[in-house]
Amino acid sequence: MADVPVEVKKAPPAQTTSPDIWQSFRGEMDRLFDRFGFPSLRRMFDIEPSWRSASSFGFSAPAIDMSEDEKAYKISADAKDIDVSVSGDTLVLRGEKRQEKEEKDKNYHFSERSYGSFQRSFQLPSSVDRDKVAADFSRGVLTVTLPKTAEAQKPVKKIAVRSS
């Protein structure tokens, strides 16, 4: 048998139009870990250097906490530079987020900056006294106090249930 050279052409990998679900899921998990101050899965197991991963910046409105007591509703957000406004029956929190990330290692220097705006709106219950809404910024937390009207603060009347 004679050795006949055969030209072998490598076909490029097939392109898919659907997103890589697992990569997307891993990215979401990494962002969740970052948000709570844990190292990402990628860094915990050294799967790949952090500079090769996709950007961890994703702009979303800041997380909020809501509470209620007898006198007021309160909304707290971990953010600064927020504009607070009430328009009719809607409370609007509007602002801008700036994030910077820098990593240095002996083999690389990674720097990323990102800017974006956000807005959150809340439908106010009729029991809020719109003229007395107040906002306070302390220790990196914005707290918006939505006082209840005098009518809404009246004690609840307990109704006795009779049995026959």
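Here the structure is a predicted model, which is why all the values come from computation and not from measurement.

(A) Representation of the overall build of the protein chain within the structure. Regarding its fold elements, the protein chain presents 3 helices and 7 strands. Ordered by position in the sequence, the α and β elements of the protein chain form the string α-α-β-β-β-β-β-β-β-α. Taken over 164 residues, the protein chain has a buried fraction of 21%. Sequence separation of 24 or more characterises 52% of the internal contacts of the protein chain that already satisfy a separation of 6 or more. Carbon and sulfur atoms make up 51% of the accessible area of the protein chain, which amounts to about 13,400 Å² in all.

(B) Seen up close, the sheet that holds strand β7 (residues 141–147). Taken in spatial order, the 4 strands make up an open sheet running β1-β2-β7-β6, and their pairing is antiparallel. Every interior strand has two partners, whereas the edge strands, β1 (64–68) and β6 (134–138), have only one. Between one strand axis and the next, the sheet turns by 20° as a mean value, whatever way the strands run. Sheet topology note: the β1/strand β2 (residues 72–77) ladder contains 5 bridges and is antiparallel.

(C) Representation of the nonpolar core within the structure. Grouped together as the largest cluster of nonpolar side chains are 13 residues, with contacts concentrated most on Ile 75, Ile 82, Leu 91, Leu 93, Val 144 and Leu 146. Of all the elements in the fold, those that place two or more residues in this core are β2, β4 (90–104), β5 (109–123) and β7. Those residues in contact with Leu 91 that sit more than four places away from it in its chain are Ile 75, Val 84, Ser 85, Val 86, Arg 120, Ser 121, Phe 122, Leu 124, Val 144 and Leu 146.

(D) Quick look at the pairing of strand β3 (residues 82–87). Relative to β4, β3 is paired through 6 bridges, and the arrangement is antiparallel. By the bridge assignment for β4, Asp 83 is matched with Arg 94. From the end of β3 to the start of β4, which pair antiparallel, there are 2 residues, and Gly 88 there has a positive phi angle of about 65°.

(E) Highlighting the side chain of Ser 127. Within the secondary structure, Ser 127 is located in the loop between β5 and β6. The exposure class assigned to Ser 127 is buried, which follows from its relative accessible area of 15%. In this structure the side chain of Ser 127 is engaged in a polar contact, spanning 3.0 Å, whose partner is the side chain of Tyr 73.

(F) Quick look at the sheet that holds β4. An order of β3-β4-β5 is seen for the 3 strands of this open sheet, with the pairing classed as antiparallel. Only two strands of the sheet have a single neighbouring strand rather than two, namely β3 and β5. In this sheet, neighbouring strand axes are inclined to one another by 15° on average, regardless of whether the strands run parallel or antiparallel. By the bridge criterion, 15 bridges tie β4 to β5 in an arrangement that is antiparallel. Residue Glu 102 lies in a different strand from β5, and its bridge partner there is Ser 111.

(G) Representation of the pattern of salt bridges within the structure. On inspection of all chains with the given rule, the structure shows 5 salt bridges. Of the charged contacts in the structure, one is a salt bridge between Glu 103 and Lys 101, with a shortest N-O distance of 3.8 Å. Linking Asp 129 and Lys 132 is a salt bridge whose minimum nitrogen-to-oxygen distance equals 3.8 Å.

(H) Inspection of the packing of aromatic side chains at higher detail. Inspection of every chain in the model, using the stated rule, returns 0 aromatic pairs. Here Lys 148 stacks its cationic end above the ring of Tyr 73, 5.0 Å away from the centre of that ring.

Here is what the cut-offs are and how they apply
Residues numbered from 1 in each chain as written. Predicted model: local features only at pLDDT ≥ 70, side-chain atom pairs only at ≥ 80, totals over all residues. Heavy atoms only, no water. Helix = DSSP H or I, 4+ residues; strand = E, 2+ residues; numbered from the N terminus. Buried < 20%, exposed > 50% of the residue type's maximum accessible area, 1.4 Å probe, protein only. Contact = heavy atoms within 4.5 Å. Areas by Shrake-Rupley, 256 points an atom, 1.4 Å probe, with all protein chains shown as cover. Pairing = 2+ DSSP bridges. Axes fitted to C-alpha atoms, helices over the stretch in contact; angles between N-to-C directions. Core = buried A, V, L, I, M, F, W, Y, C linked by side-chain atoms within 4.5 Å. Polar contact = N/O pair within 3.5 Å; in protein donor to acceptor, adjacent residues only side chain to side chain. Salt bridge = Lys/Arg side-chain N within 4 Å of Asp/Glu carboxyl O. Phe/Tyr/Trp six-rings, centres within 6.5 Å; stacked < 30°, edge-to-face > 60°. Lys NZ or Arg CZ within 6 Å of the ring centre and 35° of its normal.

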